[in-house]
Amino acid sequence: MLNERHKIIGPRNQLPIMDRRPTKTMGQRRPDLLTILGIETSCDETAAAVLEIDQDGNCEILSNVVHSQIDEHTPFGGVVPEIAARAHIQLLDGIVEQAMKSANMSWSNLSAVAATAGPGLIGGVIVGLMTAKSISMAINKPLIAVNHLEGHALTARMTDQVEFPFLLLLVSGGHTQYLLVKALGEYERLGTTIDDAIGEAFDKTAKLLGLPYPGGPAVEKAAKLGDPTQFKLPRPLLDRPGLDMSFAGLKTAVRTAALKEEPVSEQVVNNLCASFQEAVADVVGQRSARAFDLFKERYPGTPPKMVIAGGVAANEAIRTRLTAVAAEHDAELIAPPHKLCTDNAAMIAWAGAERLKKLAAENPEILEKSGKGDDMHVSPRPRWPLDKISESVVGFGKKGAKV
């Protein structure tokens, strides 16, 4: 179960509070607790968090500090990698210090340090991973290099103690994937976008309609004032089998419709946003229905569960559609609190803790010193598929060239 000293629980979860021990004296640590510092710098959020996990898997987020770089990137209408990396360099030390202080935690209290090692913008990933390596070596505690996508995949185990296996729909600015999460470290990609990610399509649609950055929330806000029936937009790939998706053509259709309406009024923009969002919801809803059917084929007798994560998981229209589809298939939709769907360090710390527990079960000495977790020579990776079968590609979709 999840309890947080900093309140970020969404309306879905009303979770019991763990028994609070007296405030620790600096330097003391209960031997039955894993205490993990997590660091996340894969894109435009600079984040650090401290988690404590007991032997039963109960988790307490002692601190979860996230600095969004929206203000730095807004003038450019999107994330500029060089600016993001520079901001991480300037901010990360202070963010880590703030997370440790807010958690009332000394370095000797930590069991390990977990950091995103990819995928992501390589400059930011380097900053976070190198910082984590330095801390690990300085305090002589294990380093856990975390796949950013695994952080998203396992978040619902932190908030809802979801049991394996389950489906994951990862929808963000950089990734759109259906994954079968079989066990820790065992993932199968069932479908992905062949071009733009959903979040990317939202951002580009907002930009071409003159809406502010970030585009996702702006499109959603405008859509609430629009009529989704005013424009007939395509639902790409719905006539094809499988779970792959495409959003580049939908984005282009919005542009074509907008050009026909010039000069574009505010209400036309609202209607276009509503029509675009409805088309996305239709695609995701139909693909999710297929995912539930596939899960039932793979695991007959096991109630299907789908976790939705990533920034687009905060979109109310998409959540509502998925909730309805889940109900139609006698399935459960699990949506972690919004602040744990977007990029954050708590999910990285949790994924690190899950891996650390597995490693410690095989080798108890891992908790004794640095170098017993991931090798200090582990490299940052701009691309890192979560499943072992899929090949890395340049870009977010299948049309990218193999590397």
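Each value, and the rule that gives it
- Residues numbered from 1 in each chain as written.
- Predicted model: local features only at pLDDT ≥ 70, side-chain atom pairs only at ≥ 80, totals over all residues.
- Heavy atoms only, no water.
- Salt bridge = Lys/Arg side-chain N within 4 Å of Asp/Glu carboxyl O.
- Buried < 20%, exposed > 50% of the residue type's maximum accessible area, 1.4 Å probe, protein only.
- Helix = DSSP H or I, 4+ residues; strand = E, 2+ residues; numbered from the N terminus.
- Polar contact = N/O pair within 3.5 Å; in protein donor to acceptor, adjacent residues only side chain to side chain.
- Contact = heavy atoms within 4.5 Å.
- Axes fitted to C-alpha atoms, helices over the stretch in contact; angles between N-to-C directions.
- Parallel < 35°, antiparallel > 145°, perpendicular 65-115°, else oblique.
- Left-handed = near helix turned anticlockwise from the far one by under 90°.
- 1 Å grid on protein atoms, 1.4 Å probe; cavity = no way out; pocket = protein on both sides within 12 Å on 5 of 7 lines; lining within 4 Å.
- Points joined across faces, edges and corners; volume = space filled by probe spheres on them.
- Nonpolar A, V, L, I, M, F, W, Y, C, P; charged D, E, K, R; others polar.
- Domains from an automatic or database assignment.

Glancing now at the pattern of salt bridges. One pass over the structure, following the stated rule, counts ten salt bridges. Salt-bridge contacts for Asp196 lead to Lys204; the nearest nitrogen and oxygen are separated by 3.8 Å. A relative accessible area of 7% means that Asp196 is categorised as buried. Among the residues examined, Lys204 registers a relative accessible area of 34% and is labelled partly exposed. The partner of Glu316 in a salt bridge is Lys224, with the nearest N and O atoms 3.7 Å apart. Placement of Glu316 in helix α9 (residues 316-328) and of Lys224 in the loop between α6 (215-223) and α7 (248-260) is noted, with a sequence separation of 92 residues between them. Judged by relative accessible area, Glu316 falls into the partly exposed class, the value being 45%.

This next bit is on the side chain of Thr155. Position of Thr155 among the secondary structure elements: in helix α4 (residues 148-160). Residue Thr155 is classed as buried on the basis of its relative accessible area, which comes to 1%. Engagement of the side chain of Thr155 in a polar contact is seen with the backbone oxygen of Gly151, the distance being 2.8 Å. Here Thr155 is in contact with Pro336, Leu340 and Met347, once residues within four sequence places are set aside.

This part is about the environment of Trp350. One can find Trp350 in helix α11 (residues 345-362). For Trp350, a relative accessible area of 3% corresponds to the buried category. Taking C-alpha positions, Trp350 is 9.8 Å from Glu150, a pair spaced 200 residues apart along the chain. Within the local environment of Trp350, its side chain forms a polar contact with the backbone oxygen of Leu154, the two atoms lying 3.4 Å apart.

Two measures define how a pair of helices packs: the angle their axes make with one another and the distance between the axes. Two elements in contact, helix α5 (residues 198-208) and α6, have axes whose closest approach is 7 Å; the angle formed by their N-to-C orientations is 70 degrees. By the criterion of interaxial angle, the relationship of α5 to α6 is roughly perpendicular. Classified by chirality, the crossing of α6 by α5 is left-handed. Contacts between α5 and α6 involve Phe202, Asp203 and Ala206 from the first element and Gly215, Gly216 and Val219 from the second.

The next thing to look at is the layout of surface pockets. Considering only enclosed or pocket space, the second largest pocket measures out at about 400 Å³ in volume. Looking at the second largest pocket, it is lined by 19 residues, and the ones nearest its centre are Glu150, Gly185, Arg355, Trp384 and Lys388. If you list the elements that add at least two residues to the lining of the second largest pocket, you get β6 (143-147), β9 (186-192) and α11. When residues in the lining of the second largest pocket are grouped by element, the largest group, four residues, is from α11. Each residue belonging to the lining of the second largest pocket can be placed in one class, and the counts come to nine nonpolar, two polar and eight charged. Two domains each put at least three residues into the lining of the second largest pocket: domain 1 (34-159 + 341-367) and domain 2 (164-338).

Residues Phe164 and Pro165 are joined by a peptide bond in cis, for which omega reads -5 degrees. Here Pro165 lies in the loop between α4 and β7 (166-171). The amide bond that connects Glu262 to the next residue, Pro263, takes the cis arrangement and shows omega of -5 degrees. Inspection of the secondary structure assignment puts Pro263 in the loop between α7 and α8 (266-298). If you check the backbone angles, Gln161 has positive phi at about 50 degrees while not being a glycine. On the secondary structure map, Gln161 appears in the loop between α4 and β7. Since its relative accessible area comes to 31%, Gln161 is described here as partly exposed. Although it is not a glycine, Leu237 sits at a positive phi angle of roughly 70 degrees. Looking at where Leu237 falls in the secondary structure, it is placed in the loop between α6 and α7. Residue Leu237 is classed as buried on the basis of its relative accessible area of 13%.

Shape is all these values report; function is a separate question.
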